[in-house]
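Descriptive structure summary
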Amino acid sequence: MKTLIISLLSLISFASCHSEPSDTLSLKEAYGDKFLIGVAMNQRQSSGLDRVGAETVSRNFNSIVAENCMKSEKIHPMENLYHFEPADSFVAFGEANGMAVIGHCLIWHSQCPKWFFVDSEGKRVSADELKRRMRDHITTVVSRYKGRVHGWDVVNEAILEDGTYRRSPFYEILGEEFIPLAFQYAHEADPDAELYYNDYNMHLPAKREAVVRLVNSLKERGLRIDAVGMQGHMGMDYPSMDAFERSMLAFASAGVKVMITEWDMSALPTVSRSANISDIQGYKRALDPYPDGLPDSVSDVWNQRMKAFFELFLRHSDIVSRVTVWGVSDGDSWKNDFPIHGRTDYPLLFDRHHEPKPFVIDLCDHKRDDK
Ligand code: XIL
């Protein structure tokens, strides 16, 4: 009964939201004065192929980040070949809509082409050669969008959960030095652009401490770092809000802003390795339990948890400079294919029909009533 009432209420508020659009605040109208409200765009959206997706973006968000088209394997697939077109139209979309455009990402071990680390004979390049390639890559990409990209994720995912450095080829060839070098090259290419370190599972204490040490060491060397990006890929049972908040406060105390850069919350069960896989059909159902829609009971919990996190970000709006969700609508989300391919997930602010989720409507209505 309770879920029926809640569903009816959300239907009513949803109906009013759509019959009187002028009366309903969009997310950026409601909260754009607190921090940037961002979203990751895929190429279909930024090129205009997905018109509905693009409209959802321009109506609701004031910042965009490229989901894939600026990653090194896409924008620099071969040593002497840059592929700028998709990134050009992404940046143009942001400019046309007066948005803060975020570049993602300059140095990341993943979605990085193999040529970066080997010579023409397939042997690992020297430290000097890798520095040269990093400088060429960063300088070329950052200079192209100089003055047009508000900020860059300079280094992505370099630290592991236990606080040690990831053994990526960048680390193996250059050691810890690859991080300050990347920040230096990016700053030289566009001195006015903001620069960020971005990573996931940032609520874990050892990782939190390692990132604080990294921020301190960059600052001690006089390098620019404006913010730490906490990706914010969440589940129904992790992270705890308390641990997440501690990390936000720890990064702010280190003298940088905090950004929630890739926010989403999977509504699906966390993958268990101990499942009984002799029952293949049962196992599949357990992993992908809601192919035809999210039950109200799960949706209620999901909406409450998302709302509580958004309210946490609002409480700390003095230190949070941007909250960006990782995708426009549920149908666009990478979580449908990660960590298991072909599931149906519900992790974003807009459903598969681009309708706002109940907690978004709630937050926006609450703000409108305040005004
Ligand atoms: C993901 C994209 O969403 C997918 O489309 C792509 O296939 C893989 O990468 N951390 C990051 C993002 O920093 O770049 C990743 O994006 C998700 C995890």
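What counts as what
- Residues numbered from 1 in each chain as written.
- Predicted model: local features only at pLDDT ≥ 70, side-chain atom pairs only at ≥ 80, totals over all residues.
- Heavy atoms only, no water.
- Near = heavy atom within 4 Å.
- Polar contact = N/O pair within 3.5 Å; in protein donor to acceptor, adjacent residues only side chain to side chain.
- Areas by Shrake-Rupley, 256 points an atom, 1.4 Å probe, with all protein chains shown as cover.
- Helix = DSSP H or I, 4+ residues; strand = E, 2+ residues; numbered from the N terminus.
- Buried < 20%, exposed > 50% of the residue type's maximum accessible area, 1.4 Å probe, protein only.
- Contact = heavy atoms within 4.5 Å.
- Axes fitted to C-alpha atoms, helices over the stretch in contact; angles between N-to-C directions.
- Parallel < 35°, antiparallel > 145°, perpendicular 65-115°, else oblique.
- Left-handed = near helix turned anticlockwise from the far one by under 90°.
- Nonpolar A, V, L, I, M, F, W, Y, C, P; charged D, E, K, R; others polar.
- pLDDT = per-residue confidence, 0-100.
- 1 Å grid on protein atoms, 1.4 Å probe; cavity = no way out; pocket = protein on both sides within 12 Å on 5 of 7 lines; lining within 4 Å.
- Points joined across faces, edges and corners; volume = space filled by probe spheres on them.
- Expected span 1.5 Å × (residues − 1).
- Phe/Tyr/Trp six-rings, centres within 6.5 Å; stacked < 30°, edge-to-face > 60°.
- Lys NZ or Arg CZ within 6 Å of the ring centre and 35° of its normal.
- Disulfide = S-S within 2.5 Å.

The environment of the ligand is formed by 13 residues, the closest being Glu-67, Lys-71, His-104, Asn-156 and Glu-262. Here an oxygen atom of the ligand sits 2.7 Å away from a polar atom, N or O, in the side chain of Lys-71. At 2.8 Å, a side-chain N or O of Glu-262 approaches an oxygen atom of the ligand. Within the complex, 78% of the 410 Å² of free accessible area of the ligand lies under protein.

Of note, Lys-219 is situated in helix α10 (residues 205–220). Take Lys-219: its relative accessible area is 35%, and that puts it in the partly exposed class. In this structure the C-alpha to C-alpha distance between Lys-219 and Ala-254, which are 35 residues apart in sequence, comes to 9.3 Å. With near-sequence residues (within four places) excluded, Lys-219 lies in contact with Ile-225, Ala-254, Gly-255 and Val-256.

What follows covers the packing of helix α13 (residues 296–315) against helix α14 (residues 358–370). Close contact between α13 and α14 brings their axes to 8 Å; oriented N to C, the two are set at 40°. Comparing their axes, α14 and α13 come out oblique. Where α13 crosses over α14, the two elements pack in a sense that is right-handed. Residues Trp-302, Asn-303, Met-306, Lys-307, Phe-310 and Glu-311 of α13 form the contact with α14, whose own contacting residues are Pro-358, Phe-359, Asp-362 and Leu-363. Taken together, the residues of the contact of α13 with α14 sort by class into six nonpolar, one polar and three charged.

Averaged over every residue, the pLDDT of the protein is 93; the share at 70 or more is 92%. Here residues 1–21 is modelled with pLDDT under 50, and outside its nearest four sequence neighbours on either side it reaches 17 contacts, counting other chains as well.

This part is about the layout of surface pockets. There is about 660 Å³ of room inside the second largest pocket. A class-by-class count of the residues in the lining of the second largest pocket yields 15 nonpolar, 11 polar and eight charged.

Next up on the list: the environment of Gly-331. Relative to the elements of secondary structure, Gly-331 occurs in the loop between β9 (320–325) and α14. For Gly-331, a relative accessible area of 46% corresponds to the partly exposed category. With 16 residues separating them along the chain, Gly-331 and Pro-347 place their C-alpha atoms 9.4 Å apart. Here Gly-331 is in contact with Asn-336 and Arg-352, once residues within four sequence places are set aside.

What follows deals with α10. With 16 residues, α10 should cover 22 Å at 1.5 Å per step; its first-to-last C-alpha distance of 22 Å lies within 8% of that length. Of the surrounding secondary structure, the elements contacted by the buried residues of α10 are α9 (178–189), β5 (194–199), β6 (227–230) and α11 (241–253). Directly after α10, the chain includes Gly-222, whose backbone phi takes a positive value near 80°.

Another point: empty space enclosed by the protein. According to the stated counting rule, one finds two cavities of 30 Å³ or more in the structure shown. By volume, the largest cavity amounts to about 50 Å³. Lining the largest cavity we find Ile-107, Trp-108, His-109, Asn-156, Glu-157, Ala-158, Arg-166, Ser-168, Phe-170 and Phe-178. Tallied by class, the residues present in the lining of the largest cavity amount to five nonpolar, three polar and two charged. One number sums up the size of the second largest cavity: a volume of about 30 Å³. Lining the second largest cavity, in full, are Leu-27, Ile-37, Gly-38, Phe-61, Trp-263, Phe-310, Val-323, Val-325 and Leu-349. At the level of secondary structure, the elements contributing two or more residues to the lining of the second largest cavity comprise β1 (36–41) and β9. Grouping the constituent residues of the lining of the second largest cavity by class yields eight nonpolar, one polar and no charged.

Tallying each qualifying case throughout the model produces 17 aromatic pairs. Measuring from centroid to centroid gives 5.3 Å for Tyr-82 and Phe-84, while their planes differ by 5°, and the two rings are stacked. The rings of Tyr-31, Phe-35, Phe-244, Trp-263, Phe-309, Phe-310 and Phe-313 are connected pair by pair, giving a single aromatic cluster. Here Lys-335 stacks its cationic end above the ring of Trp-334, 5.0 Å away from the centre of that ring. If you follow Lys-357 out to its NZ or CZ, it ends over the ring of Trp-302, 4.3 Å from the centre.

Here we take up the state of the cysteines. Taken as a whole, this structure holds zero disulfides when the rule is applied. Cys-69 takes part in no disulfide bond, and the closest cysteine sulfur to it belongs to Cys-105, at a distance of 11 Å. Here Cys-112 stays free of any disulfide, with the sulfur of Cys-105 as its closest cysteine sulfur at 9.3 Å. Judged by relative accessible area, which is 13%, Cys-112 ranks as buried.

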